[in-house]
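# Close look at the chain arrangement
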Amino acid sequence: MKNRKILLSENEIPEKWYNIIADMPNKPLPPLHPGTLEPIGPEALAPLFPMELIKQEVTTDKWVDIPDEVRNIYSLWRPTPLYRAYGLEKALDTPAKIYYKYEGVSPSGSHKPNTAVAQAYYNKQEGVKTITTETGAGQWGSALAFACNHFGIKCEVYMVKLSYDHKPYRKTMMNTWGAKVFPSPSEATAIGRKILAENPNTTGSLGIAISEAVERAASDEHTKYALGSVLNHVKLHQTIVGQEALKQLEKAGDLPDIVIAPFGGGSNFAGLAFPFLRLNFEQGKNIRCIASEPSSCPKLTRGEFRYDFGDTGGMTPLLPMYTLGHTFVPAPIHAGGLRYHGAGVIVSQLLRDQLIEAVAHDNLEVFEAGVIFAKAEGIIPAPEATHGIATVINEAQKCKEEGVSRTILFNLCGHGNFDMKAYEDYFSGKIQKHELSDAEIKASLAQLTTPTI
Ligand SMILES: *Cc1c(COP(=O)(O)O)cnc(C)c1O
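Residues numbered from 1 in each chain as written. Predicted model: local features only at pLDDT ≥ 70, side-chain atom pairs only at ≥ 80, totals over all residues. Heavy atoms only, no water.

### Some remarks on helix α15 (residues 385–402)
Test applied: Here a helix means four or more residues in a row that DSSP labels H or I, a strand means two or more in a row labelled E, and each is numbered from the N terminus. Take the residue count of a helix, subtract one, and multiply by 1.5 Å to get its expected span. Type-normalised accessible area, obtained with a 1.4 Å probe on protein chains alone, sets the label of each residue: buried when under 20%, exposed when over 50%, and partly exposed for intermediate values.
Compared with an ideal rise of 1.5 Å per residue, which puts 18 residues at 26 Å, α15 spans 26 Å between its outermost C-alpha atoms and is within 8% of the ideal. For α15, every residue scored as buried is listed here: A385, T386, H387, G388, I389, A390, T391, V392, I393, E395, A396 and C399. G403 sits one or two residues past α15 and shows a positive phi near 65°.

### Re the site of the ligand
The line we're drawing: To be near a molecule or strand, a residue needs just one of its heavy atoms within 4 Å of it. Throughout this description, a polar contact denotes any pair of N or O atoms lying within 3.5 Å of each other; where both atoms belong to protein, one of them has to be capable of donating a hydrogen while the other can accept it, and for residues adjacent in sequence the pair is counted only when both atoms sit in side chains. Following the grouping adopted for this structure description, the nonpolar residues are Ala, Val, Leu, Ile, Met, Phe, Trp, Tyr, Cys and Pro, the charged ones are Asp, Glu, Lys and Arg, and the polar ones are all others, Gly among them.
For the ligand, the set of nearby residues contains 16 residues, the closest of which are K112, S229, G264, S267 and N268. S267 is positioned with one of its side-chain polar atoms (N or O) 2.9 Å from an oxygen atom of the ligand. In the model, an oxygen atom of the ligand is placed 2.6 Å from a nitrogen or oxygen of the N268 side chain. Its residues placed into classes, the shell around the ligand shows four nonpolar, ten polar and two charged.

### A few points about the environment of R78
As for its placement among the helices and strands, R78 is situated in the loop between α2 (68–74) and β4 (82–84). Residue classification places R78 among the buried positions, given a relative accessible area of 2%. Of note is the side chain of R78, whose polar atom sits 2.8 Å from the side chain of E103.

### Quick look at the packing of helix α14 (residues 363–377) against α15
Selection rule: Only C-alpha atoms enter the line fits that serve as axes; for helices the fit covers just the stretch in contact. Angles between N-to-C directions range over 0 to 180 degrees. Roughly parallel means an angle under 35 degrees; roughly antiparallel, over 145; roughly perpendicular, 65 to 115; everything else is oblique. Here, two residues are considered to be in contact whenever any of their heavy atoms come within 4.5 Å of each other.
Where α14 contacts α15, the axes come no closer than 8 Å and their chain directions differ by 80°. Between α14 and α15, the crossing angle belongs to the class labelled roughly perpendicular. Residue-level contacts link E365, V366, A369, G370, I372 and F373 of α14 to T386, H387, I389, A390, I393 and N394 of α15. Broken down by class, the residue content of the contact of α14 with α15 amounts to seven nonpolar, four polar and one charged.

### Focus: the sheet that holds strand β5 (residues 97–102)
In plain terms, the rule: By this definition, two strands are paired if DSSP reports at least two bridges between them.
Here seven strands make up an open sheet; going across it, the order is β1-β4-β5-β15-β10-β11-β14 and the pairing mixed. Only two strands of the sheet have a single neighbouring strand rather than two, namely β1 (5–6) and β14 (357–361). When strand β10 (residues 258–262) meets strand β15 (residues 407–412), the two strands line up parallel, connected through three bridges. Along β15, the bridge assignment pairs V259 with L409.

### Quick notes on the pattern of salt bridges
Rules: Only one rule defines a salt bridge in this text: a Lys or Arg side-chain nitrogen within 4 Å of an Asp or Glu carboxyl oxygen.
Considering all chains together, one arrives at 25 salt bridges under this definition. The closest approach of N and O atoms between E244 and K101, which form a salt bridge, is 2.8 Å. Of this pair, E244 sits in helix α10 (residues 232–251) while K101 sits in strand β5, and the two are 143 residues apart along the sequence. Here the two residues E244 and K101 agree in accessibility, since each one is buried. When the shortest N-O distance is used, the salt bridge between E198 and K194 registers 3.6 Å.

From the geometry alone we can't say anything about function, so treat these as descriptive.
This is the structure:
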């Protein structure tokens, strides 16, 4: 029998998270205060996050210990399996070796509990009573609801209206773990009421939902906010994924030439890719790491590297990142987790320094890729994950054309079992090719008054 699944035992769950900042040749530029435009220190984040997470946000230590209690909860679903995609290789008739790390085995079905559990743990340590957050496709809200329930913390989720309507069972899942869920924009916040008054039919955006969750946390001392991507500490927690994958590939006697992951704010990409970039930094390896984004929200491939707000309402510090502009509202594609206007600071700096690559895929192409994968490997991928699969297919086809075998690793960061509406729309021909014009991107960026770099 072929060895399809490469497993680790529970005691092989990594004991530390890897902080890539320690190895970066150019460190990320500092966040700026939006009023004074002066660099801000970590204390500015104190109303929103517990101190330990703020420390992790700015630390330059290369390794950060994972608390035992967090590893203990991880062991509910970790280590996650690494699969050799024999079925996909055969379907593509490629000489490439394809592996995928499967994060869909977590309780909420994606990589997101890796950071949700850690964040809830540090909030609990510091006596926080309620955590607010936003969610796009519902994956992050579910992960945080699961984690908060474990620690007895209340959870309030602002869910992008489009997903709230498309994915009612994600909401029910959050309710099952005890979370309160609001369609965003909502009447529960000042920014929500303002946006609804201006545009009652808006489908919402992640940027708006972030503004609502931040507003709630900033107005109550026992309430903090949690973010499911973008920030440094979130990427740090996700490095558990790549570290496990590296151990698993070592067991299989392999090392990837190419590492691929879908890209929303950068956390699952960082999680898989950073431990491999470490080998590039430490050992001079030349592993290509490719981020896959939707062509309808192409901040990495067509955005501008400059300071911008993390949210639509302009409440966060200014961050140096690739962005389409914080007021950009992407087309209502099904990959809700990838509809974010900007990119995390670390990933943005790595892209600017050409240490990683980015590609964009059309909405139709990614569903074709998702169905090819589901037929070949069985698992139905989340619409977000299909973006990475589209890149894998392109790279595998290049191998075939060039007659070379390369080893490709990608992150199957979530299953699509709650995304049947998306697949149904694809099968009934409702999903259209969608390409943003240069004029649309220019118009969105032209609204920015934030500093250029
Ligand atoms: C949230 C999410 C993403 C995108 O977020 P990143 O921070 O870029 O990882 C991708 N895939 C799935 C399944 C998600 O839930």
